Amino acid sequence: MGSKTVVNNYGSFDVTFKKGRGSTLTDVNGKKYIDFLSGIAVNCLGHNYRPLVKALSRQASRQIHICNYFLSDVGVAYANELLTATGFDGVFFGNSGAEANEAAIKLARKYGQLNGGAKRKTIVTLENSFHGRTLATIKATGQDKFHPECFEPYPEGFKTIKANDYEAIKTAFDDTTAALMVECVQGEGGVNLLDSAWIQEASAAARKAGAIVIADEVQTGMGRTGSLLASEQLQFNPEVVTLAKGIAGGVPMGACLFRGNANEVFAAGDHQSTFGGNPLACAAARVVLKTLTSPDFLAKVTQKGDFMRSEISSWDIPFVKDIRGLGLMTGVEIAGDPVVFEKKCLENGLLFSTAGSNVLRLVPPLNISMSELKQGLAILHDVLVG
Ligand SMILES: *Cc1c(COP(=O)(O)O)cnc(C)c1O
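Residues numbered from 1 in each chain as written. Predicted model: local features only at pLDDT ≥ 70, side-chain atom pairs only at ≥ 80, totals over all residues. Heavy atoms only, no water.

Draft legend 1. Layout of the nonpolar core. Formed by 80 residues in total, the largest nonpolar core has its most connected members in Phe 36, Tyr 78, Ile 199, Met 222, Leu 243, Met 253 and Leu 380. Examining the composition of this core, we find that nine residues originate from one element, helix 9 (residues 279-292), more than from any other. Non-local contacts of Ile 199, meaning those with residues more than four positions away in its chain, are made with Leu 180, Val 182, Leu 194, Leu 234 and Phe 236. Ala 103, Tyr 111, Met 181 and Val 240 belong to the second-largest nonpolar core, a separate cluster that totals 21 residues. (Core = buried A, V, L, I, M, F, W, Y, C linked by side-chain atoms within 4.5 Å. Buried < 20%, exposed > 50% of the residue type's maximum accessible area, 1.4 Å probe, protein only. Helix = DSSP H or I, 4+ residues; strand = E, 2+ residues; numbered from the N terminus. Contact = heavy atoms within 4.5 Å.)

Draft legend 2. Structural detail: the layout of surface pockets. When its volume is computed, the second largest pocket comes out at roughly 770 Å³. Residue lining of the second largest pocket: 31 residues in total, with Asn 68, Val 91, Phe 92, Phe 93 and His 271 positioned closest to the centre. For the lining of the second largest pocket, the elements supplying multiple residues, two or more each, are helix 3 (73-86) and strand 4 (90-94). Tallying contributions element by element places strand 4 first for the lining of the second largest pocket, with four residues. The residue inventory of the lining of the second largest pocket, partitioned by class, reads 16 nonpolar, 14 polar and one charged. (1 Å grid on protein atoms, 1.4 Å probe; cavity = no way out; pocket = protein on both sides within 12 Å on 5 of 7 lines; lining within 4 Å. Points joined across faces, edges and corners; volume = space filled by probe spheres on them. Nonpolar A, V, L, I, M, F, W, Y, C, P; charged D, E, K, R; others polar.)

Draft legend 3. Structural view of the pairing of strand 11 (residues 240-243). Side-chain alternation along strand 11 places Val 240 and Thr 242 on one buried face and Val 241 and Leu 243 on a second face that is also buried. The sheet contact formed by strand 10 (residues 212-216) and strand 11 spans three bridges and is parallel. The residue bridging Ala 215 from the neighbouring strand is Val 241, located in strand 11. Across four bridges, strand 11 lies against strand 12 (residues 254-258) in antiparallel orientation. Counted as the bridge partner of Leu 243 is Ala 255 from strand 12. (Pairing = 2+ DSSP bridges.)

Draft legend 4. Spotlight on the side chain of Lys 304. Mapped onto the secondary structure, Lys 304 falls in helix 10 (residues 297-314). Other than its neighbours up to four places away in sequence, Lys 304 contacts Leu 328, Leu 366, Asn 367, Ile 368, Met 370 and Leu 373.

Draft legend 5. Spotlight on the site of the ligand. Every residue close to the ligand is listed here: Ser 96, Gly 97, Ala 98, Asn 101, Phe 130, His 131, Gly 132, Glu 183, Asp 216, Val 218, Gln 219 and Lys 245. Interatomic distance of 2.8 Å between a backbone N/O atom of Ala 98 and an oxygen atom of the ligand. In the environment of the ligand, an oxygen atom lies 2.6 Å from a nitrogen or oxygen atom belonging to the side chain of Lys 245. Surface burial for the ligand is 82%, taken as the share of its 380 Å² of free accessible area covered by protein chains. With three residues, the top contributor of residues to the shell around the ligand is helix 4 (residues 97-114). Counted by class, the shell around the ligand contains three nonpolar, six polar and three charged residues. (Near = heavy atom within 4 Å. Polar contact = N/O pair within 3.5 Å; in protein donor to acceptor, adjacent residues only side chain to side chain. Areas by Shrake-Rupley, 256 points an atom, 1.4 Å probe, with all protein chains shown as cover.)

Draft legend 6. Structural context of the pattern of salt bridges. Inspection of every chain in the model, using the stated rule, returns eight salt bridges. One salt bridge in this structure joins Arg 361 and Glu 188, with 3.1 Å as the shortest N-O distance. With Arg 361 in strand 17 (residues 359-362) and Glu 188 in the loop between strand 8 (185-186) and strand 9 (192-193), this residue pair connects regions lying 173 residues apart in the sequence. Judged by relative accessible area, Glu 188 falls into the partly exposed class, the value being 22%. The salt bridge involving Glu 333 is made with Arg 324; its shortest N-O contact spans 2.7 Å. Among the ionic contacts, a cluster of salt bridges with common partners joins Asp 322, Arg 324 and Glu 333. (Salt bridge = Lys/Arg side-chain N within 4 Å of Asp/Glu carboxyl O.)

Below you can see the structure in the form of structure tokens.
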């Protein structure tokens, strides 16, 4: 079932989905697929998760949208729960990852202005990063292929350094640096892990120069890596964390968390959003947070992720170059074109996406059952072994 009505800026697959249950999707022809994609790390509780469906329908009958001139009961409740669970002091709600990062960039620029004057504007990001598709976040993205001439001019004040490179730290920061902005595990860039000793040293150097540290946890946040935030595991205490993707289990939502001196920056009117934090999204986000913080949930995410990686490692496939990841975020680096395997797996009933130029990215729902996980791995095994 093709479509000429939806603007197609994406590589297209000729599959039209109709419904899902747990980590299994069904297309319009009744064919079933195991979901190792989760709508790009969004559907963290899978499909048709009853408490989420119930909370959404209940909230829809009360109020869907109110606008930020007023507070909503569910918005206030969620903000308090999120701040308590993460240990942050303040939050701004938006609707997407790019918007959460825009808020973080604006916050960093104003912070720079207040703490160093007009020259302190630069945001330092990492090579192979991905921070979104708006003009500023695309410029923050440390991959040249995202900066085609046709979209020029881009906002200025971004600089890219090499991740996990100690030499780079020495010259990266000065009195023009407003922030260092990093992903704890680069998603789009190829599931690349950030070394915790390196990011601790880089964060210390950035702070010494007067800058703050932003963790873009749009993909790694909300349990994906086995802790509520991945930055907890890397222990570099970012002043600002951005969230989106899985935060509301599939309902569009983003958040920018700030603490300490970063919580003193935004004043009324500095940054706003019409839809941001609307009651429907907050009702969904409350269910996600409650589920993630229930006993053993995150420990199981870690166990399932470790199980996936040890299974794939045991296959001993010569063209598999590396298997890496954290929690339920796994990259399988291969020699060759990953899209070939993505398509073949789709035909065989397994959904996932690629990252970087040669990586299979596996990000199943966080509550995937062991039986679905094993079924998905069996399909991947058969396709890779050939
Ligand atoms: C997906 C992603 C974004 C962009 O999120 P959108 O919701 O598509 O705007 C930003 N940063 C990271 C790390 C992402 O994975």
